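Fold and geometry: a report
So the chains spell out like this:
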Amino acid sequence: MIAPSGEQIELTLDEQRVVVVEVGGGLRTYSAGGRELLDGYPVDVMSPSGRGQVLLPWPNRIQDGSYEFEGRRHQLPINDLEEQDAIHGLVRWAAWTVGEREPHRVVMRHVIHPQPGYPFSLAVDIEYLISAEGLRVTTTATNVGAAACPYGCGAHPYLAVGARWVDSVILRAPGRTVLMSDERGIPVRSRAVEGTEYDFRRPRPIATTRLDNAFTDLERDGDGLARVALGDPGGSSRLTLWVDESYPYLMLFTGDTLPDVNRRSLAVEPMTCPPNAFRTGEALIRLAPGGSFTSAWGIEFTPVG
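Residues numbered from 1 in each chain as written. Predicted model: local features only at pLDDT ≥ 70, side-chain atom pairs only at ≥ 80, totals over all residues. Heavy atoms only, no water.

Examining the overall build of the protein chain
Along its length, the protein chain carries 1 helix and 27 strands. Computed over the C-alpha atoms, the radius of gyration of the protein chain is 18 Å, within 12% of the 19 Å expected from 2.2 N^0.38 for a compact globule of 305 residues. Dimensions along the principal axes, computed over C-alpha positions, put the protein chain at roughly 55 × 45 × 40 Å. Surface summary for the protein chain: the accessible area is close to 12900 Å², and the carbon and sulfur share equals 50%. (Helix = DSSP H or I, 4+ residues; strand = E, 2+ residues; numbered from the N terminus. Rg over C-alpha atoms; globule rule 2.2 N^0.38 Å. Areas by Shrake-Rupley, 256 points an atom, 1.4 Å probe, with all protein chains shown as cover.)

This is the structure we're talking about:
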C-alpha cells in the first residue's frame, strides 16, 4: 500500500531524525533527542493544514487567482474556495523525485511545466541536511524556459515545544513591521509592531494573541540571519527557526480557525515575498531564462539544563 504522502525518505544523524516525503517534497517529521520538534502528521494521512509543505512558485495567497506579469494577464485555478484565491503555489500535491541521497542528506527535485495560469518552466531542487547545528533546508529554483517568470517561495512548518497550547509558549520574533489583512487574508496595510500585541521582539508568552500575520523589517543577528525562538513554559528547551537574507518575510499562524491546529502549535513560515505578491509585485522575484534563486532556512534545538 502506498502512503498518501508517497515515499518516506528518512534522514538520521546521531539523535536527530527527519522524514521527507515524495508528495510535495516537504517535511513530515523532525525529532531530536527523542523530542518531536514539528507538529507533523501520521504516515497514513494527507498533509493537513499545510503541515511541512513547500510553497512555490508563490507562498500564501493570490487574490482571485489572477495577476499580470510583463504585460500579460494570467488566471490560476481557485483552490481556496472560501476566500476565492489561489493559495500556496503549485507543488504541494505533486510527486517529487530523489536526486541525491545520503544518510543525513537528501535533494528532492521537481519540474513545474507550463500550465494554465503559470505558463513557465521551473526546475527546483530542495536540499534537506542534518548536521550538528540542526536541520538546514536550501531551495534552488532555476528558470529552464524561454521567457522570464515570476517566482516566490516559502515553507509551512508547525513548530512544537511540548506545550499543549501555544498560549504558554515563550515567543521571540524579529519582525518590526506587521502586515494587517482583510477578511480574505489579503494585506491591506502595514504598521510598526511597537506598542501592539504583535511585538514579540522581546521574549514573552503568546497568551491570547491570535496570529495569522506576515511580518517583515526583520531584525537580524551579526551572521545575517533572522531568528524566531520558542521556549516551553518550563524553560527546559528552546526551538529556533532561522532564515537567511533571501527571506525578508515570516508568517506566524496560531491556526485558531483550523480544528486540527487550533493553537496546538505555531506555524512559522519563511517567505521570500508577502501574500499577494504576484498582484502587487512587492518583493516578487523575476527569473530570467537560465536564472536561479537560492534561499535557506533551518531549525535548531537547544535543551536547557
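Thoughts on the state of the cysteines
Across all of its chains, the model carries 0 disulfides by this definition. Cys153 forms no disulfide, and the closest cysteine sulfur to it belongs to Cys273, at a distance of 8.0 Å. When its relative accessible area of 1% is taken as the criterion, Cys153 is described as buried. (Disulfide = S-S within 2.5 Å. Buried < 20%, exposed > 50% of the residue type's maximum accessible area, 1.4 Å probe, protein only.)

Some details on the packing of aromatic side chains
Summed over all chains, the structure comprises 6 aromatic pairs. Aromatic side chains Phe69 and Phe120 sit 5.9 Å apart centroid to centroid with 85 degrees between the ring planes, which places their arrangement in the edge-to-face category. Of the two residues, Phe69 is situated in strand β7 (residues 66–69) and Phe120 in the loop between β11 (105–112) and β12 (122–131); the sequence distance between them amounts to 51 residues. An identical accessibility class is assigned to Phe69 and Phe120; each is buried. If you follow Arg51 out to its NZ or CZ, it ends over the ring of Tyr158, 5.0 Å from the centre. The ring of Phe200 has Arg204 sitting right over it, with the charged end atom 3.8 Å from the ring centre. (Phe/Tyr/Trp six-rings, centres within 6.5 Å; stacked < 30°, edge-to-face > 60°. Lys NZ or Arg CZ within 6 Å of the ring centre and 35° of its normal.)

A few points about the environment of Ser31
Within the secondary structure layout, Ser31 lies in strand β3 (residues 27–32). Judged by its relative accessible area of 12%, Ser31 is buried. Along the chain, Ser31 and Pro157 lie 126 residues apart, while their C-alpha atoms are 13 Å from each other. With near-sequence residues (within four places) excluded, Ser31 lies in contact with Glu15, Gln16, Arg17, Glu36 and Leu37. (Contact = heavy atoms within 4.5 Å.)

Considering the pairing of β12
Moving residue by residue along a regular strand, the side chains alternate between the two faces of the sheet. Every second residue of β12 is oriented toward a common face, the buried set being Leu122, Val124, Ile126, Tyr128 and Ile130 and the non-buried set Ala123, Asp125, Glu127, Leu129 and Ser131. Pairing of β11 with β12, which is carried by 8 bridges, proceeds in the antiparallel orientation. Of the residues in β12, the one forming a bridge with Val107 is Glu127. Pairing between β12 and strand β13 (residues 134–143): 10 bridges, direction antiparallel. (Pairing = 2+ DSSP bridges.)

Re the sheet that holds strand β23 (residues 237–243)
Pairing within the open sheet is antiparallel, and its 9 strands lie in the order β10-β11-β12-β13-β27-β23-β22-β17-β20. Of all strands in the sheet, those bounded by a partner on one side alone are β10 (97–102) and β20 (204–205).

Quick look at the sheet that holds strand β1 (residues 8–13)
Taken in spatial order, the 4 strands make up an open sheet running β1-β2-β3-β4, and their pairing is antiparallel. With partners counted over all chains shown, the strands left at the sheet margins are β1 and β4 (35–36), one partner each. By the bridge criterion, 5 bridges tie strand β2 (residues 16–21) to β3 in an arrangement that is antiparallel. Residue Arg17 lies in a different strand from β3, and its bridge partner there is Ser31.

Side note on the pattern of salt bridges
Tallying each qualifying case throughout the model produces 26 salt bridges. Linking Arg105 and Glu102 is a salt bridge whose minimum nitrogen-to-oxygen distance equals 3.1 Å. For Arg105, a relative accessible area of 15% translates into the label buried. Between Asp167 and Arg263 there is a salt bridge whose closest N-O contact spans 3.2 Å. Of this pair, Asp167 sits in the loop between β16 (158–159) and β17 (170–172) while Arg263 sits in the loop between β24 (249–253) and β25 (266–271); the two residues are 96 residues apart in sequence, bridging distant segments of the chain. (Salt bridge = Lys/Arg side-chain N within 4 Å of Asp/Glu carboxyl O.)

The values are spatial; any link to function lies outside them.
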